[in-house]
Amino acid sequence: MQNKSTPAIENIITALNKGDVIAYPTEAVFGLGCDPDSEQAVNKLLELKQRPWEKGLILIADNYEQLKSYVDDSQLTDEQKQVMFESWPGPVTWVIPAKPSTPKWLTGRFDTLAVRVTDHKLVKALCREYGKPLVSTSANLSGKEPCRTTHEVIEQFAGSIPVLDGAVGGRQNPSEIRDAKTGQLYRKG
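None of the values given here were measured: they were computed from a predicted structure.

Trainee: Explain the packing of aromatic side chains here, please?
Mentor: By convention here, two paired aromatic rings are described through the distance between centres and the angle between planes. Inspection of the entire model under this criterion finds three aromatic pairs. Residues Phe85 and Trp88 carry aromatic rings whose centres are separated by 6.3 Å and whose planes lie at 55 degrees to one another, so their mutual orientation is tilted. Here Trp88 falls in the buried class, since its relative accessible area comes to 10%. Chaining the aromatic ring pairs together yields one cluster made of Tyr64, Phe85 and Trp88.

Dropping the structure here:
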């Protein structure tokens, strides 16, 4: 028997399908997300965040299968993959070589893509129901603190974006970011 999605998730999926930017709780803060395959939606998100496209973005997913069409893990050794898989689901983001077909609006100036398999139940359900990963960047306007509650998102963004109401996972720091090939730490979690 298939799980029926909640009305809240159905409303967010409708917004995603229309190309809207949405907000949702993650392991530590609320994230802003959109359809990673829509250049128009990603551009809306980048404009809202006042973030240059060159920096690249993170994709967050329910499972690794959802990420496989974006990353080229054939460039990783079995040991590198094992280290990555042992950290998931969880708050570790891995930078992996991107497939040549992965849009530049996701990778920015890089030939890699940052990806994470989340352990946040609500986001897992959203990605599962949506059938693919979401762009994930912290929900905050340039120069402001990332939002940690639904109320903060509504206040900071003046109610202009749909919010998947829920609690963040309780982590104090954003996800750790590491390079899957070198193990280099880009951001401490």
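Trainee: What exactly am I supposed to notice about the state of the cysteines here?
Mentor: Disulfide: a covalent bond formed between the sulfur atoms of two cysteine residues. Per the stated rule, a full pass over the model turns up zero disulfides. Left without a disulfide partner, Cys147 is nearest to the cysteine sulfur of Cys34, which lies 17 Å away.

Trainee: It is not clear to me how helix H3 (residues 78-86) should be interpreted in this structure. Could you clarify?
Mentor: Two residues of an α-helix separated by three or four positions point the same way, owing to the 3.6 residues in each turn. Within H3 the residues assigned to the buried category are Gln80, Lys81 and Met84. Angularly, the buried residues of H3 cover 95 degrees about the axis, an arc narrow enough to put them on a single face. In H3, the exposed positions that point more than 90 degrees away from the buried face belong to Asp78, Glu79 and Glu86. In this fold, the buried residues of H3 make contact with strand S4 (92-97).

Trainee: Looking at this model, I keep getting lost on the environment of Val115. Mind explaining?
Mentor: Checked against the element boundaries, Val115 lands in strand S5 (residues 112-117). In this view, Val115 contacts Leu59, Leu67, Val71, Trp88, Val92, Thr93, Trp94 and Ile96; residues no more than four positions away in its chain are not counted.

Trainee: Can you walk me through the pairing of strand S7 (residues 176-179) in this structure?
Mentor: Within a regular strand, side chains alternate between the sheet's two faces. Across four bridges, S4 lies against S7 in parallel orientation. Across the sheet, the residue bridging to Trp94 is Arg178, located in S7. The pairing of S7 with strand S8 (residues 185-187) spans two bridges and is classified as antiparallel. Note that in S8 the partner of Arg178 across the bridge is Leu185. Hairpin connection between S7 and S8: a loop of five residues separates the two successive antiparallel strands, and Gly183 in this loop has a positive phi of roughly 80 degrees.

The rules we used
- Going along each chain's sequence as written, the residues are numbered from 1 onward.
- The predicted origin of the model limits local features to residues at a pLDDT of at least 70 and limits the giving and counting of side-chain atom pairs to 80 or more, whereas totals for whole chains, interfaces and linings rest on all residues.
- Working from all heavy atoms in the structure, the side-chain values ignore hydrogens and water.
- Two rings belonging to Phe, Tyr or Trp (six-membered ring only in the last case) form a pair when the distance between their centres is within 6.5 Å. Interplanar angles under 30 degrees mark stacking, angles over 60 mark edge-to-face geometry, and anything in between is tilted.
- The buried label goes to any residue with under 20% of its type's maximum accessible area, the exposed label to any with over 50%, and the partly exposed label to all in between, with areas taken from a 1.4 Å probe on protein chains only.
- Defined by distance alone, a disulfide is two cysteine sulfur atoms within 2.5 Å.
- Each helix corresponds to a stretch of at least 4 residues labelled H or I by DSSP, and each strand to a stretch of at least 2 residues labelled E; elements are numbered beginning at the N terminus.
- Arc definition: it is the arc formed by the directions from the helix axis to the C-beta atoms.
- Here, residues are in contact when the closest pair of their heavy atoms is within 4.5 Å.
- Each pair of strands is called paired provided DSSP finds at least two bridges between the two strands.

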